[in-house]
Amino acid sequence: MNSSIADFVECRPHKRNLEEISDTSDSSKKLKSSWRSIKNENLDLSYMSSFLNRTEARDAFICLENEVEYFTGDLAKVRVFGKWHDLPRQQAAYGDRGLTYKFSGCTVPAISWVPTLLKLKTRIEDITGYQYNFCLVNRYRSGNDSMGEHRDDEAELDPKTPIASVSLGEPRDFIFRHQDSRSKNSVRKIAPVKMVLENGSLLLMNWPTNVYWFHSLPVRKKILGVRINLTFRRIIPK
DNA sequence: ATGCATCCAAGTTA
DNA sequence: GTAACTTGGATGCA
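The shown structure was predicted, so the numbers you read here are calculated from the model rather than taken from an experiment.

Conventions used here
Residues numbered from 1 in each chain as written. Chains lettered and ligands numbered in written order. Predicted model: local features only at pLDDT ≥ 70, side-chain atom pairs only at ≥ 80, totals over all residues. Heavy atoms only, no water. Helix = DSSP H or I, 4+ residues; strand = E, 2+ residues; numbered from the N terminus. Expected span 1.5 Å × (residues − 1). Buried < 20%, exposed > 50% of the residue type's maximum accessible area, 1.4 Å probe, protein only. Polar contact = N/O pair within 3.5 Å; in protein donor to acceptor, adjacent residues only side chain to side chain. pLDDT = per-residue confidence, 0-100. Contact = heavy atoms within 4.5 Å. UniProt positions renumbered as here; feature names shortened; annotations may be inferred. Near = heavy atom within 4 Å. Nonpolar A, V, L, I, M, F, W, Y, C, P; charged D, E, K, R; others polar.

Novice: Lay out helix H4 (residues 54–67) with the relevant residues and their values.
Specialist: End to end, H4 covers 20 Å across 14 residues, agreeing with the expected 20 Å (1.5 Å per residue, within 8%). All buried positions along H4 are accounted for by Glu-56, Ala-57, Asp-59, Ala-60, Phe-61, Cys-63, Leu-64 and Glu-67. Between the side-chain oxygen at the start of H4 and the backbone nitrogen of Thr-55 there is a gap of 3.0 Å, and the oxygen is on Asn-53.

This is the structure:
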């Protein structure tokens with residue numbers, strides 16, 4: 001790991017300011033223009049496309065490819081409707097000593113932080129003012145890998161600390177759908193919110209997004225490259 | 001021909 | 001007791 005991830009320093013908004021940050025075209029306000037706010041009924045996202053510059057993102061990607069060890073065996077499988085499937089992605093869980101993560105019925109202990117994850121965690125904490133103690137790593141080997149629609153609403157998560165999602169590698173579509181508008185003939189018609197998660201970007205899913213909105217990373221057959229996603233979370237220790 | 005959206009399949013768990 | 005959770009396959013459409 002070279003030092004580039006640790007070294008970049010730039011003034012960023014503290015969490016108390018995040019509500020005020022909306023966008024965009026005012027190039028004189030560098031601090032504000034780096035965040036895009038995406039809002040809808042009970043949906044509140046803060047998106048920063050250039051959390052990492054190109055070089056930093058490439059370095060972080062390469063380092064993580066060396067440092068992260070993904071689940072194998074039973075932890076890489078899931079049972080759905082009675083049938084066992086390989087997960088359509090690779091997963092790993094890192095965090096503070098003693099923390100556990102509930103995952104498809106299993107309770108997995110977080111393994112101790114690796115350098116690149118720690119550096120990124122520190123940078124996110126500096127930018128947002130929130131504190132994180134856990135990181136779920138999802139690696140999508142190609143556009144055939146995906147994540148089905150779900151909410152991140154586990155009881156053990158601190159609901160007021162937004163999940164901070166870092167994207168590295170191949171850009172991928174990311175889709176939010178409101179819980180009342182998930183099927184074609186649902187009563188309410190709320191359009192899905194679609195976005196692209198770019199290389200080096202940071203997405204904050206602010207409360208109460210994960211109470212009302214499901215999100216997914218759909219299959220995209222034409223995509224051949226790898227995407228690594230890091231979701232930093234705050235787990236309330238038992 | 002292919003990608004994509006939609007719907008559906010049950011058994012374990014909170 | 002009951003509702004939520006998971007993914008892949010079938011289908012229809014563009």
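The structure having been displayed, the exposition proceeds.
Novice: Talk me through the confidence of the model for chain A; I want residue IDs and the actual numbers.
Specialist: Mean pLDDT for chain A: 86, with 85% of residues reaching 70 or above. Within chain A, H4 carries the highest mean pLDDT (98), whereas helix H1 (residues 4–7) carries the lowest (39). Within the model, the stretch residues 1–29 combines pLDDT values under 50 with 50 contacts to residues more than four positions away or in other chains.

Novice: Break down the UniProt feature "binding site: substrate" (unreviewed entry) in chain A for me, with residues and values.
Specialist: Feature annotation in UniProt assigns "binding site: substrate" (unreviewed entry) to the following positions: Phe-81, Gly-82, Lys-83, Tyr-101, Lys-102, Phe-103 and Asp-153. Across 73 residues of sequence, these annotated residues are also dispersed in space, with a maximum C-alpha separation of 24.7 Å. Judged by relative accessible area, Tyr-101 falls into the buried class, the value being 8%. If we ignore the near neighbours within four places in the chain, the residues touching Tyr-101 are Cys-106, Thr-107, Val-108, Phe-134, Leu-136 and Glu-154. Here Asp-153 lies in the loop between strand S9 (147–150) and strand S10 (163–169). Classification of Asp-153 by relative accessible area gives partly exposed; the value is 45%.

Novice: Explain the protein's contact with DNA strand C residue by residue, including any values.
Specialist: In the neighbourhood of DNA strand C, the contacting residues comprise Val-78, Arg-79, Val-80, Phe-81, His-85, Asp-86, Pro-88, Arg-89, Gly-148, Arg-151, Asp-153 and Phe-214. In the environment of DNA strand C, a phosphate oxygen lies 2.9 Å from a nitrogen or oxygen atom belonging to the side chain of Arg-89. Contributing elements (two or more residues each) for the surface near DNA strand C: strand S3 (77–80) and strand S4 (83–86). Residue contributions to the surface near DNA strand C peak at three residues, all from S3. Tallied by class, residues from the surface near DNA strand C come to five nonpolar, two polar and five charged.

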